[in-house]
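Breakdown of the fold
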Amino acid sequence: MIIQCPFCGAKYDAPPGRRFYVCPYCGTVVSEGKTYESVYIFKPTVDKTTAFRKVLNLRPMGSPDDLPSATPAGAEMHFLPLYLYHITFKPLEELETYATALALSTPPFKLPKSYIFPARWRTPFKPTLERLGVFHSPDLSPEDAFRSLGEVVEEARTYVSVFKARVTVEWSFEGIVYYPFWALTYTYGGRQFGALVDAAEGSVLRMEYPLSRRGRAEGIGLAAASALATAAVGALTTYFLGLYPALGALGGALASLGAAARLITFAAARVGRYEAEAKL
């Protein structure tokens, strides 16, 4: 079926039977003839200078001591589209909540696994804010994006199971929220590296950085120490069990091969990579 966007006027082909349709040109969401104009934004609280300072002062394992003296090369703010949902758990209305899910199938940069976006502290969007950065249009339907909120639903079901109550999960689409990120590049030793910072609350999410000679040596040292430690534990365990300690030492050393290999690979590389844990 052909749908004409009521906002930009573009016509696009869409499969019939869906509750929501998303314009691939401007991201306008339409449902049963209704255009959703509830658009929100998380305003950036971290400026470009602060974002660079957070990255260069992070000092991940193996980075050079003078990394804070690296030269900022480029900074671009990206706003990723989220869908906002109101979720209720009937008959326990007190569990109602708001949640957001990424509305983009392929973000312009990689995010940490299971990254959870907030729903609170959003503010109404104003057209004048468009000059702040690059705004990406959603390409997922609200139904498809909602599936990524399975953990939120399961957590509520687990909580409700204590009361042995049967719960019906219902949700309504409340609008679009834009969330800001700084995509940064900096130079060190004539080479360029990238980083990603959450511009709403300031966390460094991803970072490439140069490995110093000291850092590479530490990686090799940690690999050797890991193998020796697990070998010693294996030898002691088999000794107390009345077995041959040499076999235990060999088993412990073999068990540490995976971690040792990762450390040796790290030491052999010239570029280190930092990734934050999933945001809770």
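Residues numbered from 1 in each chain as written. Predicted model: local features only at pLDDT ≥ 70, side-chain atom pairs only at ≥ 80, totals over all residues. Heavy atoms only, no water.

**Some points on the overall build of the chain**
Filter applied, for reference: Each helix is a run of DSSP H or I of at least 4 residues and each strand a run of E of at least 2, with the numbering of both proceeding from the N terminus. To sort residues, take the accessible area from a 1.4 Å probe on protein chains only and compare it with the maximum for the residue type: under 20% means buried, over 50% means exposed, and anything in between is partly exposed. We call two residues in contact when some of their heavy atoms are within 4.5 Å.
Regarding its fold elements, the chain presents 6 helices and 14 strands. With 280 residues in all, the chain has 41% of them scored as buried. A separation threshold of at least 6 residues defines the contact pool for the chain, and within that pool the share at least 24 residues apart is 68%.

**A few points about helix H1 (residues 48-56)**
The following threshold applies: For this quantity, the arc is that covered by the directions from the helix axis to the C-beta atoms.
Taken residue by residue, H1 has Ala51, Phe52, Val55 and Leu56 as its buried positions. For H1, the angular spread of the buried residues around the axis is 120°, confining them to a single face. Contacts from the buried residues of H1 go to strand E7 (71-90), strand E11 (168-188), strand E12 (191-198) and strand E13 (204-210).

**Concerning the side chain of His136**
Here is the rule: We call two N or O atoms a polar contact when they sit within 3.5 Å, provided that within protein one can donate a hydrogen and the other can accept it, with sequence-adjacent residues counted only if both atoms are side-chain atoms.
Inspection of the secondary structure assignment puts His136 in the loop between strand E10 (134-135) and helix H2 (142-146). When its relative accessible area of 18% is taken as the criterion, His136 is described as buried. Polar contacts involving the side chain of His136 include one to the side chain of His78, which spans 2.8 Å. His136 has contacts with His78, Phe79, Leu80, Pro81, Leu104, Pro108 and Tyr178, leaving out every residue within four places of it along the chain.

**Quick look at the packing of aromatic side chains**
Geometry of an aromatic ring pair is reported as the spacing of the ring centres plus the angle between the planes. As a reminder, the rule being used: In this scheme Phe, Tyr and Trp rings, the latter by its six-membered ring, pair at centre separations within 6.5 Å, and the angle between planes marks the pair as stacked below 30 degrees, edge-to-face above 60, and tilted otherwise.
This model, assessed by the stated rule, comprises 15 aromatic pairs. Plain terms: the ring middles of Phe146 and Trp171 are 4.8 Å apart, the flat faces sit at 20° to each other, and that makes the pair stacked. Within this pair, whereas Phe146 is found in helix H2, its partner Trp171 is found in strand E11, the two being separated by 25 residues in sequence. Overall, the relative accessible area of 13% leaves Phe146 in the buried class. Every member of this aromatic cluster is reached through a ring pair, and the members are Phe42, Phe109, Tyr115, Phe117, Tyr179 and Phe181.

**Focus: the pattern of salt bridges**
A pair can form between side chains of opposite charge whenever their charged atoms are brought close. Formally: The salt bridge definition used is simple: a Lys or Arg side-chain nitrogen within 4 Å of an Asp or Glu carboxyl oxygen.
For the structure on display, the rule yields 3 salt bridges. Arg59 is the partner of Asp65 in a salt bridge, and the nearest nitrogen-oxygen pair spans 2.9 Å. Assessed through its relative accessible area of 54%, Asp65 is described here as exposed. A salt bridge links Arg147 to Asp144, with the shortest nitrogen-to-oxygen separation between them at 2.4 Å. You can call Arg147 exposed: its relative accessible area is 61%.

**Considerations on the confidence of the model for the chain**
Atomic detail in the predicted coordinates should be set aside for any region of low pLDDT. Which entries qualify depends on this criterion: pLDDT runs from 0 to 100 and stands for how confident the predictor is about each residue.
Mean pLDDT for the chain: 77, with 71% of residues reaching 70 or above. Considering each helix and strand of the chain separately, the mean pLDDT is smallest for helix H6 (residues 257-268), with a value of 50, and largest for H1, with 96.

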